[in-house]
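Read off the chains here:
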Amino acid sequence: MNAVVVQVVGAALVREGRVLAARRTAPERLAGLWEFPGGKVEPGESDAQALVRELQEELGVTVAPGAQVGPELVLGAGAVMRVYLATVVSGEPVAREHDALRWLAA
């Protein structure tokens, strides 16, 4: 029997040489950690569709997904994450589900 693998997408939103990071509030064991905004790919969604939906929900922005950045990442038993470049096409990111946002340089 094959285990169900949860597909997760994250967005590397880059502006003026900086990338947006979002600080998690949940689950408790991950609260306070920084991440690329994004989330789970729902059944029937492509990665691009999930990224657009998740960033609208989490940040209130519309994005145009681009190329995948790096390899697929294993997030523990049963979950994998793919990160994509994305460009904000409308709106300004607002922390709706996070407690802070920061534009970070290398």
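Scroll up a little and you will see the structure.
About the thresholds
- Each chain carries its own residue numbering, running from 1 in the direction its sequence is written.
- Predicted model: local features are reported for residues with pLDDT of at least 70 only, side-chain atom pairs are reported and counted for 80 or more only, and whole-chain, interface and lining totals are derived from all residues.
- Hydrogens are left out, water is left out, and the side-chain values use all remaining heavy atoms of the structure.
- The way it works is a 1 Å grid over only the protein atoms, where trapped points that fit a 1.4 Å probe form a cavity and open points with protein on both sides within 12 Å along at least five of seven lines form a pocket, and then any residue with an atom within 4 Å of a point lines it.
- Grid points are joined across faces, edges and corners, and a volume is the space filled by probe spheres set on the points.
- Secondary structure elements follow DSSP: runs of H or I no shorter than four residues count as helices, runs of E no shorter than two count as strands, and numbering proceeds from the N terminus.
- Polar here means any residue other than Ala, Val, Leu, Ile, Met, Phe, Trp, Tyr, Cys and Pro, which are nonpolar, and Asp, Glu, Lys and Arg, which are charged; Gly is therefore polar.
- The term nonpolar core refers to a set of buried residues drawn from Ala, Val, Leu, Ile, Met, Phe, Trp, Tyr and Cys, joined through side-chain atoms within 4.5 Å.
- Here's how the labels work: a residue is buried when its accessible area is under 20% of the maximum for its type, exposed when over 50%, partly exposed in between, all with a 1.4 Å probe on protein chains only.
- Between two residues, a contact is recorded if the distance between any of their heavy atoms is within 4.5 Å.
- Salt bridges are identified by distance alone: a Lys or Arg side-chain nitrogen within 4 Å of an Asp or Glu carboxyl oxygen.
- Two distance rules govern patches: like charges are joined within 9 Å, and nonpolar side chains (Val, Leu, Ile, Met, Phe, Trp, Tyr) within 5 Å, applied only to residues with over 30% relative accessible area and no salt bridge.
- Using a 1.4 Å probe, the Shrake-Rupley method yields the accessible areas, and only the shown protein chains count as cover for residues.

Within this model, the largest pocket holds a volume of roughly 700 Å³. Looking at the largest pocket, it is lined by 27 residues, and the ones nearest its centre are Val-8, Arg-24, Leu-30, Glu-35 and Leu-75. When contributions to the lining of the largest pocket are tallied by element, the ones reaching two or more residues are strand E1 (6-15), strand E3 (34-35), strand E4 (38-40), helix H1 (47-59) and strand E6 (79-90). Top element by residues in the lining of the largest pocket is E1. It accounts for four residues. Residue classes in the lining of the largest pocket are distributed as 14 nonpolar, six polar and seven charged.

Turning our attention to the nonpolar core. The biggest cluster of nonpolar side chains holds 13 residues, and the ones touching the most others in it are Leu-13, Leu-51 and Leu-55. Those elements that place two or more of their residues in this core are E1, H1 and E6. Among the elements that take part in this core, H1 stands out by supplying four residues, more than any other. For Leu-13, the residues in contact, after removing those within four places along its chain, are Arg-18, Val-19, Leu-20, Leu-55, Leu-59, Val-63, Ala-86, Thr-87, Val-88 and Trp-103.

Pairing between side chains of opposite charge can happen when their charged atoms approach one another. According to the stated counting rule, one finds eight salt bridges in the structure shown. Two residues, Glu-35 and Arg-24, come together in a salt bridge whose shortest N-O distance is 3.0 Å. Note that Glu-35 is positioned in strand E3 and Arg-24 in the loop between strand E2 (18-23) and E3, a separation of 11 residues in sequence. Classification of Glu-35 by relative accessible area gives partly exposed; the value is 21%. Overlapping salt bridges bring together Glu-45, Arg-53, Glu-54 and Glu-57 as one network.

The next point concerns a nonpolar patch on the surface. Judged by side-chain polarity, Val-14, Val-69 and Leu-85 come together as a nonpolar surface patch covering roughly 230 Å² of accessible area. Looking at where Leu-85 falls in the secondary structure, it is placed in strand E6. On the basis of relative accessibility, which here comes to 40%, the residue Leu-85 falls in the partly exposed class.

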